[in-house]
Amino acid sequence: MQGLFTFWQALPVAKQITLVGSVLATIFVFSILARTASAPSMALLYSGLAPSSSGEVISALERLNVETEVRGDSIYVASGERDFVRMSLAREGLPQQGQAGYELFESLSGFSTTSDIFDVTYWRAMEGELARTILAAPGVQAARVHIAYERNVSFSRSRSKPKAVVTVTMGRGSLDAAHANSIRYLVSSSVPGLEAEQVAVIDSARGIILSPGKADAVMGGLSGEMDRERRIEDDVLSILEARVGAGNARVQVMLEIDREREAITERVFDPEGRVISGKETTETTEKSSGGNSGSVTVASNLPEGDASGGGSQSSSEKTQTNETVRYNLSEIRRERQKAPGSILRLSVAVLVNHIETDNGDGSTELTPRSDEELAQLRELVSMSVGFNEERGDKLTIQNMSFKPIINEGTTVETSFVDNFMDRHLMTAIQIAILSIVTLVLGLFVVKPILSTASLAAPQMEELPAIPMNAPPPGELETPDAMAALKGLANDKTDETALLIQAWLEEEVA
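Quantities reported herein were computed from a predicted structural model and do not represent experimental measurements.

Engineer: Run through the packing of helix α5 (residues 115–135) against helix α6 (residues 177–190), naming residues and quoting values.
Structural biologist: Between α5 and α6, the least distance of the axes is 11 Å, while the angle of their chain directions is 150 degrees. In terms of orientation, α5 and α6 fall into the roughly antiparallel class. Taken as a pair, α5 and α6 cross one another with a handedness that is right-handed. Residue-level inspection shows M126, L130, T133 and I134 of α5 in contact with α6, the latter providing I183, L186, V187 and S190. Within the contact of α5 with α6, the residues separate by chemical class into six nonpolar, two polar and no charged.

Engineer: Describe helix α8 (residues 371–385), listing the residues and the values that go with them.
Structural biologist: Look at α8: 21 Å from first C-alpha to last across 15 residues, which is about the 21 Å you get at 1.5 Å a residue. Just past α8, the residue G386 takes up positive phi, approximately 75 degrees.

Engineer: Explain the sheet that holds strand β14 (residues 394–399) to me, and be specific about the residues and the numbers.
Structural biologist: Taken in spatial order, the three strands of this open sheet run β8-β11-β14, and their pairing is mixed. The open sheet terminates on both sides in strands that have one partner only, identified here as β8 (249–258) and β14. Averaged over all neighbouring strand pairs, the angle between strand axes comes to 10 degrees, with direction disregarded. In the sheet, β8 pairs with strand β11 (residues 342–352) via 10 bridges, with the strands oriented antiparallel. Within the sheet, the bridge partner assigned to A249 lies in β11 and is V352. The strands touched by α8 within the sheet are β11 and β14, with β14 carrying the most contacts at an inclination of about 145 degrees.

Engineer: Please set out unusual backbone geometry residue by residue, giving values where relevant.
Structural biologist: Residue N65 is not a glycine yet carries a positive backbone phi of 60 degrees. Relative to the helices and strands, N65 resides in the loop between α3 (51–63) and β2 (68–71).

Engineer: Describe the pattern of salt bridges, and please don't skip the residues or the numbers.
Structural biologist: The final tally for this structure, using the stated rule, is 12 salt bridges. Across the salt bridge formed by K279 and E323, the nearest N and O atoms sit 2.8 Å from each other. Here K279 is found in strand β9 (residues 262–292), whereas its partner E323 is found in strand β10 (residues 312–338), with 44 residues between them in sequence. For E323, a relative accessible area of 48% corresponds to the partly exposed category. A salt bridge links R391 to D393, with the nearest nitrogen and oxygen atoms 2.5 Å apart. A relative accessible area of 5% means that D393 is categorised as buried.

Engineer: Describe the packing of aromatic side chains, with residues and values.
Structural biologist: Applying the stated criterion across every chain yields a total of two aromatic pairs. Measuring from ring centre to ring centre gives 5.3 Å for Y122 and W123, while their planes differ by 75 degrees; the resulting arrangement is edge-to-face. Judged by centre distance (4.5 Å) and plane angle (20 degrees), the rings of W123 and Y149 are stacked. Of this pair, W123 sits in helix α5 while Y149 is found in the loop between β4 (140–148) and β5 (163–170), placing the two residues 26 residues apart along the sequence. Every member of this aromatic cluster is reached through a ring pair, and the members are Y122, W123 and Y149. The ring of Y76 has R71 lying over it, and the distance from NZ or CZ to the ring centre is 4.0 Å.

Engineer: Pulling in residues and values, what's your account of the sheet that holds strand β6 (residues 199–203)?
Structural biologist: The sheet built from four strands is open, its strands ordered β4-β5-β6-β7 with mixed pairing. Where the open sheet ends on each side, the last strands, each with one partner, are β4 and β7 (207–210). Neighbour-to-neighbour, the strand axes of the sheet open up by a mean angle of 25 degrees, direction not taken into account. Across three bridges, β6 lies against β7 in antiparallel orientation.

Engineer: Account for the confidence of the model for the chain, naming residues and giving values.
Structural biologist: Mean pLDDT over the chain: 75, with 71% of residues reaching 70 or higher. Across the chain, the element-wise mean pLDDT spans from 66 in helix α1 (residues 2–10) up to 92 in β14. Segment residues 473–478: pLDDT under 50, and seven contacts once partners within four positions in sequence are set aside and those in other chains are kept.

Engineer: Please give an account of the side chain of D393 that cites residues and values.
Structural biologist: Position of D393 among the secondary structure elements: in the loop between α8 and β14. Within the structure, the side chain of D393 is placed 2.9 Å from the backbone nitrogen of L346, a separation counted as a polar contact. Here N388 takes part through its backbone nitrogen, which lies 3.0 Å from a polar atom of the side chain of D393. In contact with D393, other than residues within four places in its own chain, are R345, L346, G386, F387 and N388.

Engineer: Can you lay out the environment of S347 for me, pointing to particular residues and giving the numbers?
Structural biologist: Relative to the assigned elements, S347 resides in strand β11. In this structure, the C-alpha to C-alpha distance between S347 and T396, residues 49 residues apart in sequence, is 8.3 Å. Setting aside chain neighbours within four positions, we find S347 in contact with Q252, V253, M254 and K394.

So, how was this worked out
Starting from 1, residues in each chain are numbered consecutively following that chain's sequence as written. With the structure being a predicted model, the display of local features is reserved for residues of pLDDT at least 70 and the display and counting of side-chain atom pairs for 80 or more, all residues being used for whole-chain, interface and lining totals. Hydrogens are left out, water is left out, and the side-chain values use all remaining heavy atoms of the structure. Axis lines are fitted to C-alpha atoms, over the contacting stretch for helices. Their N-to-C directions set the angle, which ranges from 0 to 180 degrees. Helical segments are the DSSP runs of H or I of at least four residues, strand segments are the runs of E of at least two, and each set is numbered from the N terminus. In this scheme, roughly parallel covers angles under 35 degrees and roughly antiparallel covers those over 145, while 65 to 115 is roughly perpendicular and the rest are oblique. Each crossing gets its handedness from the near helix: less than a right angle anticlockwise from the far helix is left-handed, clockwise is right-handed. Only heavy atoms enter the contact rule, under which two residues are in contact if any of them lie within 4.5 Å. Gly falls in the polar group here, along with every residue not listed as nonpolar (Ala, Val, Leu, Ile, Met, Phe, Trp, Tyr, Cys, Pro) or charged (Asp, Glu, Lys, Arg). Any helix carries an expected span of 1.5 Å times its number of residues minus one. Following DSSP output, two strands are said to pair if at least two bridges run between them. Only one rule defines a salt bridge in this text: a Lys or Arg side-chain nitrogen within 4 Å of an Asp or Glu carboxyl oxygen. Here's how the labels work: a residue is buried when its accessible area is under 20% of the maximum for its type, exposed when over 50%, partly exposed in between, all with a 1.4 Å probe on protein chains only. Put simply, two rings from Phe, Tyr or Trp (the six-membered ring, in Trp's case) pair if the centres are within 6.5 Å, and we call them stacked under 30 degrees between planes, edge-to-face over 60, tilted for the rest. Criterion for a charge above a ring: Arg CZ or Lys NZ at most 6 Å from the ring centre, at most 35 degrees from the ring normal. On a range of 0 to 100, pLDDT expresses the predictor's confidence in each residue. Polar contacts, as counted here, are pairs of nitrogen or oxygen atoms within 3.5 Å of one another; within protein the pair requires one atom able to donate a hydrogen and one able to accept it, and residues that are adjacent in sequence qualify only if both atoms are side-chain atoms.

Shown next, in the form of structure tokens:
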């Protein structure tokens, strides 16, 4: 330690400042490089969260003492801790997407909660739970549910049915009709008294998908038609490629879809087909009897007298029958509903490649297909797509040679060096910087300082006493004195160098 202190005092002030600056610069560079090398690689934790959800996630990460980096609306954590952090946040129910659900009831108090507050909280919780369920579907980024209901009013005879509107924001792709229908029936089945036709589904990017009162998609007609065309094309292509080979057929299908909805009610009466609906029969019988006499005497009034001796007896009986028969005419009632989606016209265009034949010398020859083979392919395609000529369908099959694909580019394959540079480029740069800094400090700072300081011996032996009026070494002419001086210089080289340095400094001064 004493030698280091003596070494420091022997240096000039300028070199002391240079040495201190070099040491500080080296420490600074090494600290930056060490921090960069020790910094963990960050991985995406969550992206696209709502500001409130992002704040809850960051607060939870601070409680877990996890290093966090925020870039816009994305949250990054260390790659090695990402899975652990996600599981820890899921245990706490984070991140919360959409509206709050049934946890709203936890803040209610039985003493201060009125019926109105309870109803509002109930419907808010219902909306939040439905939004969470919709968010669980793949591709859905955000969802909001609004339920319109009428409060219970006393002495009210009429009450309107509830309605609902669902707004969906898709993270990728668009909301199709099938997904919209599933959302509609989810909401209608969860809310008492809510009919499926009273649920509207809206895509935030495309607009209304399902409007109230309609069972079919408003904007999904075109996409549904395209899906049907693609399915038919795939089916036809799979059949053709089994015969002509993969890549030797092209299929294009165009459908004309009937989008009208029709309801027909028919009632037919058949006069010849009478049916007895009822029969009523009424029978009436009347009887009457009496006698005639020439004179009226006292004897006719006696009970046992010759009252009837001189008179005649008469009687009559009448029977009447009435029959009423009721007939109903034979009636046929037919109700038919025609849903949209039927095919009005089908057009199919098929292009098949020529037959490629190998000549054996490395070249190939294209040969057109025979008419018989094209007829067989035509029959196969017509059966596959349900071809109906009476409906106005059209089917065209053409045999043409495909244009060969010209490879105008080159395939780039990654080598071992490229893979190494992609993975360890920053590490290689850090090592190179450290090496350069070390070489610069060693060659241009440490080495010159040590070379100069070696001349100033920290601990040197006392030189023999030399008279003050002794002549310089150059003026000694005695051979014995010169030999003695040379011997002394050879024996004590370090002391001689220090003495010469002292003489030079005195001359400079």
